[in-house]
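Structure at a glance
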Amino acid sequence: AGAGRISEYHYAVVGAQSSGKSCFLFATVWKFLDFAAANGWTVSFPDSSQKVEFDNYVQAFQAGRAIPKTISRERPLAFTLDVTSISGACSRLYLYDAAGEDFEAGDVSSTAHGMGSFDFFSYVDGIFFVIDPMSEELAGAKRLDAKLKPLARGRLAALPQRGR
């Protein structure tokens, strides 16, 4: 980026409903703010409504309340941060939090649910995929795995053994 230009980076947090995406995003931003302050960087929210929302999350967390669930919307929740390093290099971070319902709906272009209508995926620099190992779907997969392992063992036992 040349003089007066700012580098932009876009990251999305995706996963199933109730997998902890919003908590992950909140904790990431909170710790990043701590890291930046400790290293002489400045960080600001160019959108004051996002700063208010983030501060509300901090207050809720400190009071022992859960971070609110992200609702499905045409445009996912995003935190935008302007970061200036101690050397003066500037970057803008866009951190998107798509609702789990939209992720689970797949690549459909519905404005009600679905990731297909989100244009930021065409230029995203990275994706954080959040998985909750205690989710019902994964618990179901473990039950299926428990059913399949004996079948696999039976097939393995039927294979010729080496050294005989």
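Up top you'll find the structure we're talking about.
Computed from a prediction, not measured in an experiment: that's the story for all the values here.

Within the protein one finds four helices and five strands. Ordered by position from N to C terminus, the α and β elements of the protein give β-α-β-α-β-β-α-β-α. Burial analysis of the protein (164 residues in total) assigns 29% to the buried set. In the protein, once contacts between residues fewer than 6 apart in sequence are set aside, the share between residues at least 24 apart is 65%. As displayed, the protein offers around 10,600 Å² of accessible surface, 57% of which is attributable to carbon and sulfur atoms.

Most of strand 4 (residues 90-97) sits inside the fold, with six of its eight residues counted as buried. Here seven bridges tie strand 1 (residues 7-15) to strand 4, and the two strands are oriented parallel to one another. Paired with E8 across the bridge in strand 4 is R92.

For the rest of this paragraph, the subject is the packing of aromatic side chains. Across all of its chains, the model carries 15 aromatic pairs by this definition. An angle of 80° between the planes, with centres 6.2 Å apart, marks the rings of F26 and Y57 as edge-to-face. Here F26 is found in helix 1 (residues 21-38), whereas its partner Y57 is found in helix 2 (residues 48-62), with 31 residues between them in sequence. A relative accessible area of 3% means that F26 is categorised as buried. Between F45 and F79, the aromatic rings sit 6.1 Å apart at their centres with planes inclined by 80°, giving edge-to-face as the arrangement. With F45 in the loop between strand 2 (42-44) and helix 2 and F79 in strand 3 (residues 77-84), this pair connects stretches of sequence that are 34 residues apart. F79 sits in the buried class, given a relative accessible area of 1%.

Our focus in this paragraph is the pattern of salt bridges. A side chain with one charge may pair with a side chain of the opposite charge, provided their charged atoms come close. Tallying each qualifying case throughout the model produces three salt bridges. In this structure, D55 engages K51 in a salt bridge whose closest nitrogen and oxygen atoms are separated by 2.9 Å. Pair noted here: D55 and K51 are both in helix 2, with a separation of four residues, about one helical turn. Classification of K51 as partly exposed rests on a relative accessible area of 36%.

In this section: the nonpolar core. Formed by 15 residues in total, the largest nonpolar core has its most connected members in L25, F26, V29, F45, F54, F79 and L81. Where this core is concerned, the elements lending two or more residues are helix 1, helix 2, strand 3 and strand 4. Contact partners of L25, with chain neighbours within four places excluded, come to V13, F79, L95 and D97.

A few words on the environment of F32. If you trace the backbone, F32 turns up in helix 1. Here the alpha-carbon distance between F32 and V43, two residues eleven residues apart in the chain, equals 9.1 Å. If sequence neighbours within four positions are ignored, F32 has contacts with W41, V43, L81, V83 and L93.

Glancing now at helix 2. Two residues of an α-helix separated by three or four positions point the same way, owing to the 3.6 residues in each turn. Counted at 1.5 Å a residue, the expected span for helix 2 with its 15 residues is 21 Å, and the 21 Å between its end C-alpha atoms agrees. Here helix 2 has its buried residues at Q50, F54, Y57, V58 and A60. The arc enclosing the buried residues of helix 2, seen along the axis, measures out at 165°, which places them on a common side. Turned more than 90 degrees away from the buried face of helix 2 sit S48, Q59 and Q62, all of them exposed.

Here is what the cut-offs are and how they apply
Residues numbered from 1 in each chain as written. Predicted model: local features only at pLDDT ≥ 70, side-chain atom pairs only at ≥ 80, totals over all residues. Heavy atoms only, no water. Helix = DSSP H or I, 4+ residues; strand = E, 2+ residues; numbered from the N terminus. Buried < 20%, exposed > 50% of the residue type's maximum accessible area, 1.4 Å probe, protein only. Contact = heavy atoms within 4.5 Å. Areas by Shrake-Rupley, 256 points an atom, 1.4 Å probe, with all protein chains shown as cover. Pairing = 2+ DSSP bridges. Phe/Tyr/Trp six-rings, centres within 6.5 Å; stacked < 30°, edge-to-face > 60°. Salt bridge = Lys/Arg side-chain N within 4 Å of Asp/Glu carboxyl O. Core = buried A, V, L, I, M, F, W, Y, C linked by side-chain atoms within 4.5 Å. Expected span 1.5 Å × (residues − 1). Arc of directions from axis to C-beta.

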